[in-house]
Every structure is written in structure tokens, then in C-alpha cells.
Amino acid sequence: MSPFTKILTSCITNCKFNMKIIDHAFERFEERVFTPEMAARLVNGKRLLRRSKSNPSRYKAIGKVDGEFWVVVLEKDLYTVVTARRAHKDEEVLWKNLK
């Protein structure tokens, strides 16, 4: 079992939001120093959910984790994590304007 699998298993057990994380997402997580635990905290915390403009069958969960703004891209099932990236400035503004 890889370290990511252990983290994912722990997170799914202890989090409100269950996730399926595809291989591509794990690759991006490693590149961007992002973890499945961070993805779960973003999705479970204060976040903004928006339909992706470039791919209408996907959603962007915009939130703040460890003091940084991130976007977790989800399939339309809102269960499958496709990737994660740092949020763009306009996405940060949208999140900051949440009530």
C-alpha cells in the first residue's frame, strides 16, 4: 500500500466527504505538494463550488487550505477528484466574497 493510499483511507474514514481520486490527480498532487487530506479539508470546509467553464461536466471546488487558495476539480458526480491546482486571483476573490 502506498503512502497516498494510507492517507486516502484514513481521510475517507474520518472525513464527511468521501472521494475517489484518479491516478492523474495523484500525479498532480505530488507535483504541486498537495495531499488527499488537503483535498478533503478543502471540500469539507468553507468552499465555493462552480461549474467548470472549460468542461461543463466538471466542477471546481475553490477553497483555502493551510493559508493558500486551491482548486480541486471534481467530476459531475462530485465524488471523483480529477486534479488540484493553485487558485487563480479571480477565484480567490470569489471565495473571499462568500457570505
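The structure contained in this document is the topic of the report that follows.

What counts and how
Per chain, residue numbering runs from 1 following the sequence as it is written. For this predicted model, a pLDDT threshold of at least 70 governs which residues receive local features, and a threshold of 80 or more governs which side-chain atom pairs are given and counted, while totals over whole chains, interfaces and linings are taken from all residues. Excluded from the side-chain calculation are hydrogens and water; included are all heavy atoms of the structure. Each helix is a run of H or I in the DSSP string that is no shorter than four residues. Each strand is a run of E no shorter than two, and both are numbered from the N terminus. Residue exposure (1.4 Å probe, protein chains only): buried if accessible area is under 20% of the type maximum, exposed if over 50%, otherwise partly exposed. Should any heavy atoms of two residues lie within 4.5 Å, those residues are considered in contact. Polar contact is defined as a pair of N or O atoms within 3.5 Å, subject to the rule that within protein one atom must be able to donate a hydrogen and the other to accept it, and that residues adjacent in sequence are counted only when both atoms are side-chain atoms. Only buried residues count toward a nonpolar core, which is a set of Ala, Val, Leu, Ile, Met, Phe, Trp, Tyr and Cys residues joined through side-chain atoms within 4.5 Å. A pair of strands is labelled paired if DSSP reports no fewer than 2 bridges between them. Here an axis means a line fitted to C-alpha atoms, over the contact stretch when the element is a helix, while the angle between two N-to-C directions is reported on a 0 to 180 degree scale.

1. Section: the overall build of the chain
Consideration 1: The helix and strand tally for the chain stands at four helices and five strands.
Consideration 2: Counting from the amino terminus, the chain carries its helices and strands in the arrangement α-β-α-α-β-β-β-β-α.
Consideration 3: Split into buried and exposed, the 99 residues of the chain put 39% on the buried side.
Consideration 4: Considering only contacts within the chain whose residues lie at least 6 apart along the sequence, 45% involve residues at least 24 apart.

2. Quick notes on the environment of Ser52
Consideration 1: With respect to the secondary-structure elements, Ser52 resides in the loop between strand E2 (47-51) and strand E3 (58-65).
Consideration 2: Between the C-alpha atoms of Ser52 and Lys76, which are 24 residues apart in sequence, the distance is 9.9 Å.
Consideration 3: In this structure, Ser52 is in contact with Arg58, Tyr59 and Lys60, ignoring residues within four places of it in sequence.
Consideration 4: A distance of 3.2 Å separates polar atoms of two side chains, one belonging to Ser52 and the other to Ser54.
Consideration 5: At a separation of 3.1 Å, a polar atom in the side chain of Ser52 contacts the main-chain amide nitrogen of Asn55.

3. Considerations on the nonpolar core
Consideration 1: If you look at the biggest cluster of nonpolar residues, it comprises 18 residues, and the most contacted ones within it are Ile21, Phe29, Phe34, Leu42, Val72 and Val81.
Consideration 2: Contributions of two or more residues to this core are made by helix H2 (23-32), helix H3 (36-44), E3, strand E4 (68-75) and strand E5 (80-86).
Consideration 3: A per-element tally of this core places H3 first, with five residues.
Consideration 4: Dropping the residues within four chain positions of it, Phe29 is found in contact with Ile21, Phe34, Thr35, Pro36, Ala39, Val81, Thr83 and Ala84.

4. A word on the sheet that holds strand E1 (residues 20-21)
Consideration 1: Spatially, the five strands line up as an open sheet ordered E1-E5-E4-E3-E2, and their pairing is mixed. The open sheet has two free edges, formed respectively by E1 and E2, since each of these has just one partner strand.
Consideration 2: As judged from the five bridges shared by E4 and E5, these two strands associate in the antiparallel manner. Paired with Val73 across the strands is Thr83, a residue of E5.
Consideration 3: Lying over the sheet, H3 contacts E1, E2, E3 and E4, oriented at roughly 95° with respect to E3.

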